[in-house]
Amino acid sequence: MWSKSLLWPAVILLFLALPFVIDSNYYLSILIVIGLYTIIVQGLGILMGYAGQVSFGHAGFFGLGGYTVAILTTRFDWSPVFALIAAVILPGLIAAIIGRPTLKLRELYLALGTMGFGILIHTLFNEGRELTGGPSGISGIPYLSIGGLSFDSDIKFFYLVWAVVLLVLIGINNLIRSRVGRALRAISESEHAAETAGIDTGKLKLKAFIFSALLAGLAGGLYAFYITFISPSPFGFHTSVQFVLMAVVGGLGTFLGPLLGAALVVLLGELLRWVIPLVIPGAGGEYEIIFFGLILVFLMIFRPKGLGAFGKNLKPPAVKPSVAPE
Amino acid sequence: MNKSIRKISLALLLILVLTAVVLMSGCASEKQDSTGSRDQGKEPYKIGAVLETSGNSSSLGVPERDTLLMLVENLNQNGGIDGHPVELTILDNKSDETEAVMAVKKLIDMEVLAVLGCASSGPSMAMINTVQNEKVPMVSMAAASSIVEPVNERQWVFKTAQSDIVTVKNIIAYLQGQGLTKVAFLYMNNAYGDGGKVAFTAAAKESGIEVVTEEKFEASDNDMTPQLTKVKASGAQAAIVWAIPPSASIITKNFRDLGLSIPLIHSHGVGNQKFIELAQGTADGVILPIGKLAVVSQIPDSDPQKEVLESYIADYQAKYNTPPNSFGGYASDAFNLVVNAIEKAGPDRIAIRDELEKNTSGFIGVSGVFNISPQDHNGLDVDSMVLVQIEGDQWKLID
Amino acid sequence: MSDQLLQLLFTGLTLGSIYSLIALALVTTFKVTGILNLAQGEFVAIGALLAISLYATGIPMFAAFILAIILVAIMGGCLERAAIHPARRASGLTLIIITLGLSISLRGLALLIWGTDTYSLPAFSQGGPLIIGGAVLNPQSFWILGLAVITLSVLYAFLGLTYAGKAVKAAVINRTAARLVGINPNTISFWAFVGSGALGAAAGIFIAPVTMSTYDMGFMLAIKGFVAAVIGGLNNIGGAVLGGLLLGVLESYSAGLISSGLKDGLAIIILLVVLMVKPHGILGLLGERKI
């Protein structure tokens, strides 16, 4: 069956050949944004789908990564590569500090607690004027350059981002198959049972939280290098909600759910932008917003496990059944 | 491992298909998406705009969109540019910086000659890198001076809204004329308020005006009395507020409720009737610098802008049955600057940019008389604004 | 200085009364159905905008208010049947996302109908602000606070005195047992959304003279409402009002005495401290049994 074993790598190759086929910076930028969100949502997927913990504060980590890059490269003249490394580490450190008390909270309270931290970090971007430039932000962020190769065009950035995405996917694939992955899944199914089995649940949850923050920071750093301008507005609570949305739409506890969720949410937004004027002439952005919300509701009613829940990895949702009336 | 590669490729395949769908629907809608007629025979000129027609800043973007739609329709009815109809594509950036970048790339893909936008500072800033790289002229309608400065890193970027410094200079001149040296400065905590704060603090220092207290509030705040009690206690001789409605109206109400009697000076951000309406009678006595659009009937006939202003107001009023505001004015200037440049320089991005930079002097617009130069990509000066006081819910020119 | 402190207290109470109302609506739905309704803020916005538009058509103010409240209540009920009911067996997170989707759609709908303009209502009582001890107080805060107190009393009376109220309480405590004795939790969930629609709309109308109304006002208000609700305890309707007032006063004092920039940050820090130290809210221990 050589043809079958070659088919899948061929698809990957086709995907990587995309920039030569479509030759449009607009479509490349869509794919880049999907890639960036995928990196974050994959991390969030581990936290939500495997460790069973929700976070409504990941835009904060995303922003921390972005601001780390922006500040270190423009204010302290760090080389882009080191700045990017710092952008991964710093959110991880912050996550380690705030994770311990926060992860003691459960369900709704955890959602509100992480929301609080997200908003707090966002406030710091606005208030730390000396470092962050306040609401006006920081412009003039240099391009990422690695050993003479400068990522100054959409094509180059496309490859960079998707190379990172593939590495993250492979890493996560190995992780969920490892002892840690099995332990995480045990937590999401029953924390008590996991503890009885000798798993240090608190430590594992914290690790998953830090891991997801590292990935969000990485995506944030790449985002800063891509747009070359940063301001607090893309990192508010709204964005955190968007990330959770992507994770849930894609399907919790599935390996590829996050990738699908990020792609679907971004593409849906773009698709509606073009389709709605065809159906309703003269319609503006208002219809887009309405349809976006409705699609979300329908999806949650009819495919509550998300779109990624095809294939064999199907498992019960990580979040405990609600107290909603039966 | 093999399995995971399979799954990854499956997901990528799905994304491929979805992208293809977006791609096709994007192409299919392209024709309807653009306004402009093709029946004149000559090849149309394409202009793009990225505006905040939904989201936080949509109160700026919507009048700008309406103005642009009106202008392009009028232009095409009158034969377009040398017989070439203008095809204007307006994309919504949802008041989001990332969306703005994607939208401008889309416009560049469509081979527009120039990009108008955005209405607010953040998305405008986010688009700069793209237009600089792709060498596409961009005319922003936002206030922050950092959009066009430093000019040597912004060769392709122009803007039509007065920079904060123009407003600030007008306010400082008023303060000095009245002999007021101690002021309180209140601003909304976003890019608009922040830009005003930076410009005012610097200019005040130079002119020997002391800012005795500096307070901020969120755009979503419902009551600014706490900030104003500090002003009351500070002994300031005047209060300067940098905000847009509704928070600008709320703070004005709170100011009057508290019984503060010092002069209340606002920025040009409140230059629309909505501010007065929402302040519910408390706006009387407010002093502010404003573009001449709001007081066109009071400015002397000798003013070079008078004719342009009157015709813009008449057109807008006729089409939308409501008077235009200064945001629409910025859009009108951006559109006319670009059309003018295309007319003179032809359909070539480099030529349009050069024309905008080198040959825009004495260009009479709605927001002022533009004198753009290689050192100044805004080109508006202090005299593009006048000081007005609100009396009986009307703008009254202060001489 | 003392009149400044008094002034800040008054302002805090005005703000706090607004937050109280939103928190009250959130907590009522949560207590009865276990759903944190993220579309609550949109109920508030649409209620206010509807009332303003109806009033503008020339019908008397009072009639406009009642009509707006009824319409939003019907909307709340319809949404419950259309979106919450079919997914009643889903996980808590799924339900939150559903209410999130509803809130996005409703915001788009409001944008479509009312555009981006800001609208306002005249204050309910004529005459300017009251001056007490050298500080001014916005008389509208009495109306807002009054609504909160009345709602609170009605809720307590309903839950404590009526048969239907006891049925709700029973369903909250043990769903299966309630069902066994003939109480239908589905009906309760439906009425909870009708009620939160009505309460949200009333809240929007009462606060409109202070806050003014835009299509997107709901989002920020809902966040403040969450914070207030958590401070007071998510399960405690009395706590919601108290939490709202506390949040308002806290914001006012921190903006007036410390730094206006850190006002929101401070509120969030209090939220986090309450969550970590007393996760059931400051009234948690006094409150009723947790679900």
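Residues numbered from 1 in each chain as written. Chains lettered and ligands numbered in written order. Predicted model: local features only at pLDDT ≥ 70, side-chain atom pairs only at ≥ 80, totals over all residues.

**Observations concerning the overall build of chain A**
- Tallying secondary structure elements over chain A gives 14 helices and four strands in all.
- Residues classed as buried in chain A amount to 61% of the 326 residues present.
- The long-range fraction of contacts in chain A, counting pairs at least 24 apart against all pairs at least 6 apart in sequence, stands at 77%. (Helix = DSSP H or I, 4+ residues; strand = E, 2+ residues; numbered from the N terminus. Buried ≥ 20, exposed ≤ 12 C-beta atoms within 10 Å, placed from the backbone. Contact = placed C-beta atoms within 7 Å.)

**Regarding the overall build of chain B**
- Counting its secondary structure elements, chain B contains 12 helices and 14 strands.
- By the compact-globule yardstick of 21 Å for 399 residues, chain B fits well, its C-alpha radius of gyration being 23 Å.
- Along the three orthogonal principal directions, the C-alpha set of chain B runs to about 70 × 65 × 40 Å.
- For chain B, restricting intrachain contacts to residue pairs at least 6 apart in sequence, the fraction spanning at least 24 positions comes to 68%. (Rg over C-alpha atoms; globule rule 2.2 N^0.38 Å.)

**As for the interface of chain A and chain C**
- Across the contact, 37 residues belong to chain A and 47 residues belong to chain C.
- When residues of the side of chain A that touches chain C are traced back to their parent elements, those giving at least two are α6 (107–127), α12 (237–250) and α14 (285–302) of chain A.
- Here the side of chain A that touches chain C is built from residues that sort into 27 nonpolar, five polar and five charged. (Nonpolar A, V, L, I, M, F, W, Y, C, P; charged D, E, K, R; others polar.)

**Remarks on the interface of chain B and chain A**
- If you look at the interface, chain B gives 49 residues, while chain A gives 46 residues.
- Examining the composition of the side of chain B that touches chain A, we find that 23 residues originate from one element, helix α1 (residues 2–33) of chain B, more than from any other.
- Looking at side-chain class alone, the side of chain B that touches chain A contains 21 nonpolar, 16 polar and 12 charged residues.

**So, the sheet that holds strand β1 (residues 45–51) of chain B**
Residue and element names in this part refer to chain B.
- With respect to topology, five strands assemble into an open sheet ordered β2-β1-β3-β4-β5, the strand pairing being parallel. A strand with exactly one partner marks an edge of an open sheet, and here the two such strands are β2 (86–92) and β5 (157–159). Ignoring which end each strand starts from, the neighbouring axes of this sheet average 25° apart.
- With seven bridges connecting them, β1 and β2 associate as parallel partners. Across the sheet, the residue bridging to Leu51 is Asp92, located in β2.
- Against the sheet, helix α2 (residues 58–77) makes contact with β1 and β2, and its axis sits at roughly 165° relative to β2, the strand it touches most.
- Its contacts with the sheet put helix α3 (residues 97–109) on β1, β2 and β3 (114–116), and the angle it makes with β1 is roughly 175°. (Pairing = 2+ DSSP bridges. Axes fitted to C-alpha atoms, helices over the stretch in contact; angles between N-to-C directions.)

**Some points on the nonpolar core**
- The biggest cluster of nonpolar side chains holds 350 residues, and the ones touching the most others in it are B:Val50, B:Ala239, C:Leu21 and C:Ile22.
- Sorting elements by how many residues they give to this core places helix α3 (residues 25–50) of chain A first, with 18 residues.
- If you count residues domain by domain, this core takes at least three from each of domain 1 (42–162 + 323–380) and domain 2 (164–298 + 384–397) of chain B.
- What C:Ile22 contacts, discounting residues up to four positions off in sequence, is C:Gln40, C:Val44, C:Ala203, C:Leu221, C:Ala222, C:Lys224 and C:Gly225. (Core = buried A, V, L, I, M, F, W, Y, C linked by C-beta atoms within 7 Å. Domains from an automatic or database assignment.)

**Let's talk about the domain arrangement of chain B**
Residues and elements named next belong to chain B.
- In terms of domain boundaries, chain B breaks down into domain 1 (42–162 + 323–380) and domain 2 (164–298 + 384–397).
- For domain 1 versus domain 2, the distance between C-alpha centres works out to 29 Å.
- Listed by partner, the interface residues are 15 residues for domain 1 and 14 residues for domain 2.
- Secondary structure elements with two or more residues in the side of domain 1 that touches domain 2: α4 (121–134) and α11 (326–345).
- In terms of residue class, the side of domain 1 that touches domain 2 is made up of six nonpolar, nine polar and no charged.

**Digging into unusual backbone geometry**
- Across the junction of B:Gly117 and B:Cys118, the peptide omega takes the value 0°, indicating a cis bond.
- Inspection of the secondary structure puts B:Cys118 in the loop between β3 and α4.
- With a phi close to 65°, A:Thr228 is a non-glycine residue in the positive phi region.
- Take A:Thr228: it is sitting in the loop between α11 (201–227) and β4 (229–230).
- Classification of A:Thr228 as buried rests on a count of 25 C-beta atoms within 10 Å.
- Despite not being glycine, B:Lys135 has its phi angle at roughly 55°, a positive value.
- In this structure, B:Lys135 sits in the loop between α4 and β4 (138–140).
- The class of B:Lys135 is exposed, set by 12 C-beta atoms lying within 10 Å.

**Regarding the pairing of strand β7 (residues 210–217) of chain B**
All names here are of chain B.
- Across seven bridges, the pairing between strand β6 (residues 182–188) and β7 is parallel. Note on β7: the bridge partner recorded for Met188 is Phe217.
- Following the chain from β6 across helix α6 (residues 191–206) to the adjacent parallel β7, one finds a crossover that is right-handed. (Right-handed = clockwise from strand over helix to strand, strands pointing away.)

**Looking at α3(A)**
All names here are of chain A.
- For α3, which comprises 26 residues, the first-to-last C-alpha distance of 36 Å matches the rise-based estimate of 38 Å (1.5 Å per residue) to within 8%.
- The sharpest bend along α3 comes to roughly 25°, located at Leu44.
- Burial analysis of α3 places 26 of its 26 residues in the buried class, the great majority of the element.
- One or two positions beyond α3, positive phi appears at Gly52, with a value near 70°. (Expected span 1.5 Å × (residues − 1). Bend = angle between axes of the 7 residues up to and from the residue.)

**Regarding the confidence of the model for chain B**
All names here are of chain B.
- This prediction gives chain B a mean pLDDT of 88; 94% of its residues lie at or above 70.
- Across chain B, the element-wise mean pLDDT spans from 67 in α1 up to 96 in β4.
- Low pLDDT (under 50) marks residues 31–38, which in the prediction has 22 contacts with non-local residues, meaning those over four places away or in another chain.
- Interface predicted TM-score (ipTM) for the complex: 0.83; the corresponding pTM is 0.86. (pLDDT = per-residue confidence, 0-100.)

**Focus on the environment of C:Leu121**
Residue and element names in this part refer to chain C.
- Note that Leu121 resides in the loop between α4 (92–114) and β1 (130–132).
- The exposure class of Leu121 is buried, given the 23 C-beta atoms found within 10 Å.
- Sequence separation between Leu121 and Leu67 is 54 residues; the distance between their C-alpha atoms is 16 Å.
- The contact partners of Leu121, leaving out residues within four places of it in the chain, are Ile52, Ala208 and Pro209.

**Comments concerning the packing of helix α3 (residues 61–84) of chain C against helix α8 (residues 185–211) of chain C**
All names here are of chain C.
- Where α3 contacts α8, the two axes come as close as 7 Å, and the packing angle between them is 145°. The two elements α3 and α8 meet at a crossing, and its hand is right-handed. On the side of α3, the interface is formed by Phe65, Ala68, Ile69, Val72, Ala73, Met75, Gly76, Gly77, Leu79, Glu80, Arg81 and Ile84, while α8 contributes Ser189, Phe190, Phe193, Val194, Ser196, Gly197, Ala198, Gly200, Ala201, Ala202 and Ile205.
- Classifying every residue of the contact of α3 with α8 by side-chain character gives 15 nonpolar, six polar and two charged. (Left-handed = near helix turned anticlockwise from the far one by under 90°.)

**Some thoughts on the pairing of strand β13 (residues 385–391) of chain B**
Residues and elements named next belong to chain B.
- As paired elements, strand β10 (residues 287–291) and β13 share five bridges and run antiparallel to each other. Following the sheet pairing, Ile290 is matched in β13 by Val386.
- Sheet topology note: the β13/strand β14 (residues 394–397) ladder contains four bridges and is antiparallel. Bridge pairing in β14 places Gln389 opposite Lys396.

**Notes on the environment of B:Ile240**
All names here are of chain B.
- By secondary structure assignment, the location of Ile240 is in strand β8 (residues 238–242).
- C-alpha separation for the pair Ile240 and Val183, spaced 57 residues apart in sequence, amounts to 7.2 Å.
- Once residues within four sequence positions are removed from consideration, Ile240 is found in contact with Ile171, Val183, Phe185, Phe200 and Ile265.

**Side note on the environment of B:Lys274**
- Checked against the element boundaries, B:Lys274 lands in helix α9 (residues 273–279).
- Residues B:Lys274 and B:Gly83 lie 191 residues apart in sequence; the distance between their C-alpha atoms is 39 Å.
- Excluding its chain neighbours within four sequence positions, the residues that come into contact with B:Lys274 are B:Pro245, C:Asp117 and C:Thr118.

**Regarding the confidence of the model for chain A**
All names here are of chain A.
- Across chain A, the average pLDDT comes to 83, with 89% of residues at 70 or higher.
- Element-level mean pLDDT values for chain A span from 68 in helix α1 (residues 2–16) up to 96 in helix α4 (residues 58–74).
- Low pLDDT, under 50, characterises residues 310–326; the stretch is placed with 43 contacts to residues that sit more than four places away or in other chains.

**Considering the packing of α3(A) against α12(A)**
Residue and element names in this part refer to chain A.
- Here α3 crosses α12 at 70°, and the two axes come no closer than 9 Å. Accordingly, the angle class assigned to the pair α3 and α12 is roughly perpendicular. Taking contact as the criterion, the partners of Tyr37, Ile40, Val41, Leu44, Gly45 and Met48 in α3 are, on α12, Phe243, Met246, Ala247 and Gly250.
- Residues belonging to the contact of α3 with α12 are distributed by class as follows: eight nonpolar, two polar and no charged. (Parallel < 35°, antiparallel > 145°, perpendicular 65-115°, else oblique.)

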